[in-house]
Number of protein chains: 2
Amino acid sequence: MKFGGTSVANVERIRNVGAHVKREIDAGNEVAVVVSAMAGATNQLVAWTREAGAIHDAREYDAIVASGEQVTSGLLAIVLQGMGVPSRSFQGWQIPLRTDETHGSARIESIEGGSLTALMSEGLVPVIAGFQGVAPDGRIATLGRGGSDTSAVAVAAAIGADRCDIYTDVDGVYTTDPRIVPKAQRMERIAFEEMLEMASLGAKVLQVRSVEMAMVHKVRLFVRSSFDAPDAPQVGPNGLPPGTLICDEDEIVEKQVVTGIAYSKDEAQITLRRVKDKPGVAAAVFGPLADAAINVDMIVQTVSDDGSTTDITFTLPSGDLAKASQILESRKGAGLDFEALSSTDDVCKVSVVGIGMRSHAGVAAKAFEALAQKGVNIRAITTSEIKISVLIDAAYAELAVRTLHSLYGLDKA
Amino acid sequence: MKFGGTSVANVERIRNVGAHVKREIDAGNEVAVVVSAMAGATNQLVAWTREAGAIHDAREYDAIVASGEQVTSGLLAIVLQGMGVPSRSFQGWQIPLRTDETHGSARIESIEGGSLTALMSEGLVPVIAGFQGVAPDGRIATLGRGGSDTSAVAVAAAIGADRCDIYTDVDGVYTTDPRIVPKAQRMERIAFEEMLEMASLGAKVLQVRSVEMAMVHKVRLFVRSSFDAPDAPQVGPNGLPPGTLICDEDEIVEKQVVTGIAYSKDEAQITLRRVKDKPGVAAAVFGPLADAAINVDMIVQTVSDDGSTTDITFTLPSGDLAKASQILESRKGAGLDFEALSSTDDVCKVSVVGIGMRSHAGVAAKAFEALAQKGVNIRAITTSEIKISVLIDAAYAELAVRTLHSLYGLDKA
């Protein structure tokens, strides 16, 4: 059971979390809990760190920021003890949960699950401070923002959990953003691969890394709301309360062609005009951007009539636009020949996601036609086995999402 | 160098602390730093802990509350790095600073000073989270409120420091409380034994345990204000800036008969009337109180004319008065025969402290005479080699302190 920041925002909310845990224990389950910092705590700690030094030692950042989860783990252990549920807190270094040495955004390397399962079989609930572990240098390492989800999945894998329940401030994963499409439906189930596409495109319910890790280790994730009454009936149509199960696609009996519509407004587009087309030109453009850790997404290349020049268009996170433009301009004439660079961050990426696409043709064509009918101009297209993404003008984002959501029959009855 | 809570209350104050540390490094000193939590942080953490459970697991209390110093240690390390001073934070478990298993008020058992001195000789400043260590169970243990002073003295002893500088919100130890006697003077030097008597009687500048530990390990303490300008001249009459050196009495050349006047208002008095006087009566009264961890201080016993009964009067912390009265009443007739119990917490203890008393007679008589002249009624008296304490009505506390302060020539010129 993993509880996010809003679920543990104060001691009263932590008591509510305790009631959720006690319910599971009373039902005969063995439970380990992973907690985030109290909502707002991490932001305060990060703000102090930045005030102490604009450029700062990531190892010190980790020591400071990890204290937030440390507090919550102790408070929940006390609350559980008060409810008659034996419990103790665990910090990352106590388990130990070992990470690599990338302080500030470390990756988990191993977890000693044995000490946890031994305690759990005695009826004790370990409450684990999320988001952190211990690096090879013996110092605290954090997993990067949102890393408590990743902690939870890693712990679930290490102890061989049947399921990893993510309690958050929403009651599941929706077919699209309900703020844009009020008719969006909560999905009962979604495959890991689909969730990855949804999450990386802005669904924001779960950290992408946690879904990747769940897929690799086959940890079933269940997203549900911590605002549910702890004593509400726990048996819904899934054999589970309201929420979304993220699982292997084998568990999804009735596969839909399209599962959901995702979008991301945090996109920018760069076009290089009349790039001299010669072997290695792609490397000359994208190599320096990769070196600067700029994540390029959609790439479209068109060749001129005579084949001597090419136009290259690609997308990137809007926050990286200025840096990328500067890098490319600085290379102009110095290994990279092009006539002009144009860019915009007034674009949006809309994606249609579904594992059923693999066995259904014509999904993409249907989307393009529907968007054309609404007058939505498509700037670029990329596709994968289970996803079609289109880049459009930002002004049309909501229209496109609503159009596609209806088109594939996702609107609630 | 140890910095208390008000000295690190926010990042700006921590920057000021950094400037104090840098000054010492620039002067060619090797320095280790111990920090408290930011002022208010510990109170917030304790409040949450109490809200989570009125009765709570001390191990969880420790995990929660120790996070305050963890934050400060990281912030100061970042600030020092920004000033060009290589630095890193240390948590108790990283040094390790080992304690016994008394969570919540643990005692230090050992410190591995070697890792610290090795780094210090390379020019690095370790910034140690005060107030905490790691217990034999592998969990965080705190040293009790004010324990950062004790941490600092223990670290100073472990690394063989020349001096342990305690930066606090006052600029030294005074001959008495300046709020009562404006003419109180800052002492340049005070012996460990004197400071112990002063501290335990309410001087409150330093935790008593830290002074005991400093005396045992012969760690010279220097109390000074963190509000001094870091770049002010550092050479005063002691070869030190303004402050008070707490040291072995051998270092004090000109020993004064009386060094200071301490007082404590947190006192209560219990009298048992007509206690049947027989062997073992003292044990029958004080044994049960000791079992309940009630610290009895002044004891006065008077015997009746015929020697068959006795009146026993003693003092104790006022917070323990109700519990002590209840314990004694419950024993009445059951192993303890007395006629009546009377008590008051409207009393105050005033003490005259000075190592010079050892070689000077008549110090006490002079005090009793001066108090009598002012109409101050003395309820009880206890004396030690270097201290005379009198218990008086609380209403006369200020009068008695001022009278004795003048009597022994402690008023500033």
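Here, the structure is the one placed above.
Throughout this document, residue positions are counted from 1 along each chain, in the order its sequence is written. A letter from A marks each chain and a number from 1 marks each ligand, given out in the order of writing. For this predicted model, a pLDDT threshold of at least 70 governs which residues receive local features, and a threshold of 80 or more governs which side-chain atom pairs are given and counted, while totals over whole chains, interfaces and linings are taken from all residues. The side-chain figures draw on all heavy atoms in the structure; neither hydrogens nor water molecules are used.

On to the sheet that holds strand β17 (residues 378-384) of chain B, then. All names here are of chain B. The pairing criterion for strands is at least two bridges between them, as found by DSSP. The helix and strand labels rest on DSSP assignments: H or I over at least four residues marks a helix, E over at least two residues marks a strand, and numbering proceeds from the N terminus. An order of β14-β15-β13-β16-β18-β17 is seen for the six strands of this open sheet, with the pairing classed as antiparallel. Of all strands in the sheet, those bounded by a partner on one side alone are β14 (299-303) and β17. Going across the sheet, the axis of each strand differs from the next one's by a mean of 25 degrees, ignoring polarity. For strand β13 (residues 260-276) and strand β16 (residues 340-353), the ladder comprises 11 bridges, and the chain directions are antiparallel. Bridging across to β16, Ile-261 finds its partner in Val-352. Axes here mean lines fitted to C-alpha atoms, for a helix over just the part in contact, with angles spanning 0 to 180 degrees between N-to-C directions.

What follows covers the relation of the copies chain B and chain A. For the pair chain B and chain A, the superposition axis carries a translation of 0.1 Å, the fit reaches an RMSD of 0.1 Å, and the rotation angle comes to 180 degrees. These values place the two chain copies in the arrangement generated by a two-fold rotation axis. Measuring from the rotation axis to each C-alpha of chain B, the shortest distance belongs to Ser-67 of chain B, at 2.6 Å. In this assembly, 100% of the residues forming the interface of chain B have copies in chain A that are likewise at the interface, indicating an isologous arrangement. Superposing the copies works by least squares over the C-alpha atoms of residues that have pLDDT at least 70 in both of them. Any pair of residues with heavy atoms lying within 4.5 Å of one another is described as a contacting pair.

Glancing now at the pattern of salt bridges. Residue and element names in this part refer to chain A. Salt bridges, as used here, are contacts in which a Lys or Arg side-chain nitrogen is within 4 Å of a carboxyl oxygen on Asp or Glu. Per the counting criterion, the structure on display carries 42 salt bridges over all chains. In this structure, Asp-26 engages Lys-22 in a salt bridge whose closest nitrogen and oxygen atoms are separated by 3.0 Å. Here Asp-26 and its partner Lys-22 are both found in helix α1 (residues 11-26), four residues apart, which amounts to about one turn of the helix. Arg-358 is paired through a salt bridge with Glu-249; the nearest N and O atoms lie 3.0 Å apart. A residue pair is termed long-range when its members are at least 10 positions apart, and Arg-358 in the loop between β16 (340-353) and α11 (363-373) and Glu-249 in the loop between β12 (244-247) and β13 (260-276) qualify at 109 residues. Taken together, the shared-partner salt bridges in this structure form one network comprising Arg-189, Arg-220 and Glu-251.

At the junction of the two partners, chain B supplies 35 residues and chain A supplies 35 residues. Buried area: the accessible surface (1.4 Å probe) lost by two parts on joining, summed over both. Between chain B and chain A, a total of about 2,900 Å² is buried, with carbon and sulfur atoms accounting for 63% of that surface. Side-chain atoms alone can form a polar contact between residues adjacent in sequence; in general such a contact is a pair of N or O atoms within 3.5 Å, and within protein one must be able to donate a hydrogen while the other accepts it. Taken together, the connections running from chain B to chain A amount to 12 residue pairs in polar contact (both at pLDDT 80 or more). Broken down by secondary-structure element, the contributors of at least two residues to the side of chain B that touches chain A are α1 (11-26), α2 (41-52), α3 (58-65), α4 (67-82) and β3 (87-90) of chain B. Residue contributions to the side of chain B that touches chain A peak at nine residues, all from α4 of chain B. The residue classification treats Ala, Val, Leu, Ile, Met, Phe, Trp, Tyr, Cys and Pro as nonpolar and Asp, Glu, Lys and Arg as charged. All others, Gly included, are polar. Residue classes in the side of chain B that touches chain A are distributed as 16 nonpolar, 12 polar and seven charged.

Helix packing geometry: the angle between the two helix axes and the distance between the axes. All names here are of chain B. Close contact between helix α9 (residues 281-291) and helix α10 (residues 321-331) brings their axes to 10 Å; oriented N to C, the two are set at 135 degrees. Here α9 is positioned oblique relative to α10, judged by the angle of their axes. As for the relative orientation of α9 and α10, their crossing is right-handed in sense. Touching Val-285, Pro-288 and Leu-289 of α9 are Ala-324, Ile-327, Leu-328 and Arg-331, all from α10. Of the residues assigned to the contact of α9 with α10, the class counts are six nonpolar, no polar and one charged. Each angle is binned into one of four classes, with values under 35 degrees roughly parallel, values over 145 roughly antiparallel, values of 65 to 115 roughly perpendicular, and all other values oblique. If you view the pair so one helix is near and one far, a crossing is left-handed when the near helix is turned anticlockwise from the far one by less than a right angle, and right-handed when it is turned clockwise.

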